[in-house]
Amino acid sequence: MSEIEKNTPEEAEVQEVQTSEDTAAAAEAPEGFGEPIKAVKPEKKHRLSYEKRKGLYGYGFIAIWALGTIYFFILPLIESLIYSFNKTTVQPGGMEMKFVGWQNYVNAFRKDQDYSLALVNMLKNTALRTPLILIFAIFIAIILNQKFHGRTFARAVFFLPVIIATGPVIDIINGNMSTGGYAGGSEQFSTMFEADLVDQLLNFLGIYNISDKLTETITSLTSDIFNLVWNSGIQILLILSALQGISPASKEAAQMEGATSWEFFWKITLPHISPMILASVVYTVVDSFVDPQNEVMTIVLNKSTNWEHGYSAAMAWAYFAIIAVCLAIIVAIINKFVYYEVD
Amino acid sequence: MATKKEEKQFEKERKAAIKARHKKMKEEGIEKYLTPDQIKYNRRRAMIGAVWPIFRFLILFGLCFIILYPLIFMLSTAFRPNEQMNDPSIVWIPKSFTLDNINDVWKVMKFDTTVVNTVVLNLIASCLQVVTCSITGYGFARFKFKGKNILFAIVILMIIVPPQITTIPLYMQYAYFKPQFLAKILTGGETSLIDSGWTMYLPALFANGLRAGLFIFIFRQFFKGLPKELEDAAYLDGCSPLYTYVKIMIPNAKQSFLTVFLFSIVWYWNDYYVSSSFFTKNDTVALMLKNLNTNLTQQLFDGQSVSVRQIIVWLEAGCLLSITPILVMYVFLQRYFIEGIERSGLAN
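Below, the structure is looked at part by part. (Residues numbered from 1 in each chain as written. Chains lettered and ligands numbered in written order. Predicted model: local features only at pLDDT ≥ 70, side-chain atom pairs only at ≥ 80, totals over all residues.)

Regarding the interface of chain B and chain A
A common measure of how large an interface is: the accessible area buried when the components associate. Between chain B and chain A, the contact holds 69 residues from the first and 73 residues from the second. Breaking the side of chain B that touches chain A down by element, the ones donating at least two residues are α2 (36-78), α4 (111-142), α5 (148-160), α6 (163-175), α10 (229-236), α12 (254-270), α14 (285-290) and α16 (308-343) of chain B. The residue makeup of the side of chain B that touches chain A, split by class, is 52 nonpolar, 12 polar and five charged. (Contact = placed C-beta atoms within 7 Å. Helix = DSSP H or I, 4+ residues; strand = E, 2+ residues; numbered from the N terminus. Nonpolar A, V, L, I, M, F, W, Y, C, P; charged D, E, K, R; others polar.)

Here it is as structure tokens:
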């Protein structure tokens, strides 16, 4: 500190930064840091405080992103919102628009036969599948968190779908090729084991014809195990990462107290991983909504390839609004049960 | 700190000691040491310990089979002569092997040029994306400024808004790129950026590439998890924030850089939605695979419509070709994919 005179201007600037921080520190502990303030004469001429300078640097760090986001995200977003209120025709040199107000939205819900139906189906499917994927992911993550031979291999395999399933490969695997009509991998897979097990099981238990709808639902879920497994890679990973945050000490303590694994799961594991469960739910919902292969997206994209951009934008925005509301409700509900560790 | 070897030694000794104690307890009669409840509890634990591994193995084996099934099917069909596809006596292993399918698909997909093109696109876009996303993530993690929460809400919005909403306006923006001289410089004379790699590089350069929101989020979580003392020390030593970031934070964040980079590569490799919107001639592996069906019928069957059953061997061969590079990468770098996410503070 006493060598301050020798410093170059740049270093002096740094010293200034240091001083102001020292001042902050000194306010908390007056005795310990009293000296440095005296030693350096702060140059107060249009210099910003440390905090403010740091704030400015913050803007500097996100500047690139902010610029890009305005151009590549916000503007297109607003543009497409404008499309949705217009009748658009594509012209050489740009888009010609005629304002039609809410007409596109009304058409989407009132006139289009497929749109509302697809929307309802989509919501139903997601509502059914999300809890299943979640339970499955938690189950698998707990298994994969145990110690056994070949664990690395098992983990690698369970994570494999994330690498492959985002691409067009899954289309071919799923047999959803544009030609259609081909029973691809997944269906073929299901038929391999198709034995109407659900009905047989219910009959075996002495239950006959309680409800066709129920058996149908169960059957559709069980035969969908392929998609279930293939869509839960990220969720397994998220929960696995949360599981590894549970300290071995709590496990030992629980064993000492004589807790069964079942109790341990409900009292310790579940609260601990609950924030990650929330994250997984959000991921699952967003993932299934955004998937270009789901019914609604197919309709939206078809409209857009038919050059009805305004109409397609209206559909997409209505869809997005519904997603956002759903997500908000889900997050609000789950947030009540999430346990945040207070550090 | 004990080394790993020593720790193993300790573990061994501990186990031996427990065994000896148990033996002693048994000889003297267990009832003397434990209450009936404890005995029951221990017995149950021992039973579960014996049975559970078997169940676990069965469950995992079954599920692994489900996951690997399409890959096995791919391997089985890709090397199978087309005639043997309808042979009911063949389930998995064909009677003879052939490389014809792979060769045909290679030609149809123009695989050599396509793959080079895709790799170049991927690498440049991913590198740009990782750098800019990490800078942004660091800005969000470590600095306080006005409007930070609103800006971060935009990041979250970027994750949630499906790319399909913004594609058409983006297309218009690229096709009639505004500062025209810039477009001319970038593409070498053209006024439209469509079909040039810049439709991928530009967003990546400005931290708006594929799933950039998610990457920014991951980086923010990770940087938040690093101890603050690191930077404070650097500040006191006279580093500017940028210098601190380059010299202190990047070396510490190597792992999460690698993870994000790998994910970025995988997602760019697999992306066909964005690239099919902006590319009409510029071919990537994913696009080629998407159009493989049409191209196959045109080039192998002279445009006659064929049922998928007839061209399944070529389709599966194409799948195999296009996932092989990514799969090889995954096999070697698998632990970075998994551990990276686990450590990079997503668990927060």
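Read on for the rest.
A closer look at the packing of helix α3 (residues 50-84) of chain A against α6(B)
It is the contact of α3(A) with α6(B), at a shortest axis distance of 8 Å, that shows an interaxial angle of 105 degrees. Of the possible angle classes, the one that applies to α3(A) and α6(B) is roughly perpendicular. Facing F72(A), F73(A), P76(A), L77(A), E79(A) and S80(A) of α3(A), the residues of α6(B) in contact are I165(B), T166(B), I168(B), P169(B), L170(B) and Q173(B). Broken down by class, the residue content of the contact of α3(A) with α6(B) amounts to eight nonpolar, three polar and one charged. (Axes fitted to C-alpha atoms, helices over the stretch in contact; angles between N-to-C directions. Parallel < 35°, antiparallel > 145°, perpendicular 65-115°, else oblique.)

Some details on the packing of helix α12 (residues 233-243) of chain A against helix α14 (residues 261-290) of chain A
Residues and elements named next belong to chain A. For the pair α12 and α14, the least separation of the axes is 9 Å and the interaxial angle reads 165 degrees. Our classification of the angle between α12 and α14 gives roughly antiparallel. The chirality of how α12 crosses α14 is right-handed. Residues I234, Q235, L238, I239, A242 and L243 of α12 pack against H272, I273, M276, A279, S280, Y283 and T284 of α14. By residue class, the composition of the contact of α12 with α14 is nine nonpolar, four polar and no charged. (Left-handed = near helix turned anticlockwise from the far one by under 90°.)

Description of the environment of M288(B)
All names here are of chain B. Looking at the secondary structure, you find M288 in helix α14. The exposure class assigned to M288 is buried, which follows from the 24 C-beta atoms found within 10 Å. M288 sits 34 residues away from S322 along the chain, and the two C-alpha atoms are 9.2 Å apart. Every residue in contact with M288, bar those within four places of it in the chain, is listed here: M109, T114 and D283. (Buried ≥ 20, exposed ≤ 12 C-beta atoms within 10 Å, placed from the backbone.)

As for the environment of T298(A)
All names here are of chain A. Structurally, T298 can be placed in helix α15 (residues 295-305). According to the C-beta neighbour criterion, T298 is partly exposed, with 15 such atoms within 10 Å. Along the backbone, T298 and N231 are 67 residues apart, and their C-alpha atoms lie at a distance of 19 Å.

What to know about helix α1 (residues 4-28) of chain B
All names here are of chain B. In this model α1 runs 36 Å from its N-terminal to its C-terminal C-alpha over 25 residues, within 8% of the 36 Å that 1.5 Å per residue would give. Across the 25 residues of α1, zero count as buried, placing the element largely on the outside. Directly beyond the C-terminal end of α1, a positive phi value near 95 degrees is found at G29. (Expected span 1.5 Å × (residues − 1).)

Observations concerning the environment of I133(A)
Residues and elements named next belong to chain A. Locating I133 in the fold gives a position in helix α5 (residues 113-145). C-alpha of I133 to C-alpha of V229: the two residues are 96 residues apart in sequence and 7.9 Å apart in space. Once you skip the residues sitting within four places of it in the chain, I133 turns out to touch L228, N231, S232, Q235 and T284.

A closer look at the nonpolar core
By size, the foremost hydrophobic cluster in this structure holds 137 residues, and its most contacted members are A141(A), I239(A), M315(A), I216(B), F219(B) and V260(B). Considering each element in turn, this core owes the most residues, 14 residues, to α16(B). When near neighbours in sequence (up to four residues on either side) are disregarded, I216(B) contacts C133(B), T136(B), G137(B), F140(B), V155(B) and A207(B). (Core = buried A, V, L, I, M, F, W, Y, C linked by C-beta atoms within 7 Å.)

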